[in-house]
Amino acid sequence: MPRMPVLPTTATAPFCPAEIAGTIAVPPGAGVWQKIKLYVGPGLLISIGYMDPGNWATSIQAGSQFGYQLLFVVLLSSLAAILLQCLCARLGIATGKDLAVHTREQYSPLAGKGMWLMAELSIIACDLAEVLGCALAFHLLLGVSLPVGVMLTALDTLIVLGLKGRGFRQIEAIILGLVITIAACLLAQLAFVKADWHAVIQGFVPSLSALSGREPLYLAIGIVGATVMPHNLYLHSSIVQTRSVQRDPASLLDAVRYTRVDTIVSLMIAMAINAAILILAASAFHRTGNTTVADLDVAYHLLDPITGSSMAAVLFGLGLFAAGQSSTFTGTIAGQVIMDGFLQMRIPCWQRRIITRGLALIPALIGVLMLGSQSVGRLLVLSQVVLSLQLPFAMYPLIRLTNRRDLMGDLVNSWLVKAVAWLLFVTISAANIWLVIQVFAD
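Anyway, here's the lowdown on the structure attached to this text.

## Describing the nonpolar core
Membership of the largest hydrophobic core comes to 134 residues, with the highest contact counts inside it found for Trp 56, Leu 70, Ile 175, Ile 182, Leu 233, Tyr 234 and Met 395. Counting residues per element, this core draws most heavily on helix H14 (residues 249-284), at 17 residues. Excluding its chain neighbours within four sequence positions, the residues that come into contact with Ile 182 are Ile 48, Met 51, Trp 56, Ile 273, Gly 319, Ala 322 and Ala 323.

As C-alpha cells, then:
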C-alpha cells in the first residue's frame, strides 16, 4: 500500500526566515549585472502586497467617485512606501536582524507583545482582502457563490505544502509571474478605454482641496493603508538577509545600494499598476456618469458594455485572481517572521497558513452571508483603513532604530531621511486620528 504523505512538523524553507537566511551567495568579485540579478527578488515579493485586492477596491472606488483627482495620493503613498521599505532593508542588512527581533530586544515585554498583536492584526486584515478578492474572482470567472468562493481560498495551503523545502528564488520567480500577469491584464484593459491623459497628468499634482471632504480623505487613508502595509516592513527587513554578503563596511554599503535599486524599481512597478487601476475606473466609470461604483463585481459587470469588449471583464477577473494569490506567499512568510521575531516561536508553515487564513475566513464569511455581494467592496476598503491605522505602530520603532548610530554604524539615516521619515509618521498618524474622531463624532 502507498504510504500516506506526512505533514511537516517544523518550519521549513522557503517560508521560514531562519531556514532561508544567507542561502543566496553574492560573490565579492561579481560584476554589476550579476549583482543586480542576484539582488532582485525581495523587492518583488514586497511589491505584490502593494497590488492586492484591497488596492483594487480603494482605487476603483476612488477613480469612479472622484475621477483622476486622487492619483497624487497613489504617487505620494508609493514614494512613502519606497522610503520606508528602503529603511527596512537597510536595518536588516546593517544589523543582521529584522524589525521584529529588534522590537522584542529594544522594548519592554508588554510593548513587544502589543506590537506583535498589531502586526498580526495587519496580516489578518491583509489576508481578509485576499480572501474576498479571490472569492470574488472565483464568483465572477467560475460562477460559484461567494460563500463557496470564500471556502475555496482555503486551498492555497496546498501551495505552501507543495513548495516545502524549495529555494527562496523559486518563490521570487512565482511572484514575478504574478506581477507580469496583473500588469498585462491591466494594460490590456486600458487599451479598451479612452483615458484623458491630460487629466491624468493633472491628477498626479498634489491638491489639498481634493481631500477637503471626509469621503475623499477616507479613501486616501485607505490608499495609504493599501500601499504601505505594516507587516511588509517586518517582512522586508527579514528577507533581505537571504543574500549572503561579507560583513565589512564596503560590502554592506554595496548590498544596501543594490537592494535599494531592487526596492525602488519593484515599488515603481506597483505604483504604475495601482495608478492604472484608478485610471481604468476614472475612464470607464467616472467619465460615463457611473460615479458610485464601489464594488469590484459591479465594476466587472460594467466593463463589457462600457468598453464594448467581452474580454475586458475577463481580464479584470484574471488580474484580480492573480492579485489575490499574493497573500499565500507574503502572509505566510510575514507571519513566520513576526512569530519568530516577537515570540521566538516557530511552527510548521502549513499550520501558520491555516491559522491566518482561518482568522480571515470568519469575517469574510460573516460579511458575505449577512450583507451579500455588495459587502465585498466595503469590507475591502475597511480592511485597508485598518492597515493604515496599524501603520504608525510599525513605523515608530523602524524610524527610531535606523536613526541609531550604535546599531546602524555608517548606514545610519542622514538628517534629511530622518526629517522626511518623521514627517511621514506625523502625517499618517494625524490623518488616522482625524478619521477616528470623525467616526466617533458621527
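Still more to cover.
## Examining the packing of aromatic side chains
Counted by the stated rule, this structure contains 7 aromatic pairs. Here the aromatic residues Tyr 396, Trp 422 and Phe 425 are joined through ring pairs into a cluster of three or more.

## Digging into the packing of helix H4 (residues 53-66) against H14
Closest axis-to-axis distance for the H4/H14 pair is 7 Å, and the angle between their directions is 40°. Relative to H14, H4 is oriented oblique. Judged by the sense of rotation from one axis to the other, the crossing of H4 with H14 is right-handed. Counting all contacts with H4, which are made through Asn 55, Trp 56, Ser 59, Ile 60, Ala 62, Gly 63 and Ser 64, the residues of H14 involved are Asn 274, Ile 277, Leu 278, Ala 281 and Ala 282. In terms of residue class, the contact of H4 with H14 is built from 7 nonpolar, 5 polar and no charged.

## Comments concerning helix H10 (residues 168-192)
Here H10 spans 37 Å end to end across 25 residues, near enough to the 36 Å set by a 1.5 Å rise per residue. Among the residues of H10, Phe 168, Ile 171, Glu 172, Ile 175, Leu 178, Val 179, Ile 182, Cys 185, Leu 186, Gln 189 and Leu 190 are the ones counted as buried.

## Here's the deal with the pattern of salt bridges
Per the stated rule, a full pass over the model turns up 11 salt bridges. A salt bridge links Asp 127 to Arg 353; its shortest N-O distance comes to 3.0 Å. Of this pair, Asp 127 sits in helix H7 (residues 109-142) while Arg 353 sits in helix H18 (residues 349-371), and the two are 226 residues apart along the sequence. As far as the burial class goes, Asp 127 and Arg 353 line up, both buried. The closest approach of N and O atoms between Arg 243 and Glu 172, which form a salt bridge, is 2.9 Å. In this pair, Arg 243 sits in strand S2 (residues 243-244) while Glu 172 sits in helix H10, placing the two residues 71 residues apart along the sequence. Within this structure, Lys 97, Arg 104 and Glu 105 form a network of salt bridges that share partners.

Parameters at a glance
- Residues numbered from 1 in each chain as written.
- Predicted model: local features only at pLDDT ≥ 70, side-chain atom pairs only at ≥ 80, totals over all residues.
- Heavy atoms only, no water.
- Core = buried A, V, L, I, M, F, W, Y, C linked by side-chain atoms within 4.5 Å.
- Buried < 20%, exposed > 50% of the residue type's maximum accessible area, 1.4 Å probe, protein only.
- Helix = DSSP H or I, 4+ residues; strand = E, 2+ residues; numbered from the N terminus.
- Contact = heavy atoms within 4.5 Å.
- Phe/Tyr/Trp six-rings, centres within 6.5 Å; stacked < 30°, edge-to-face > 60°.
- Axes fitted to C-alpha atoms, helices over the stretch in contact; angles between N-to-C directions.
- Parallel < 35°, antiparallel > 145°, perpendicular 65-115°, else oblique.
- Left-handed = near helix turned anticlockwise from the far one by under 90°.
- Nonpolar A, V, L, I, M, F, W, Y, C, P; charged D, E, K, R; others polar.
- Expected span 1.5 Å × (residues − 1).
- Salt bridge = Lys/Arg side-chain N within 4 Å of Asp/Glu carboxyl O.

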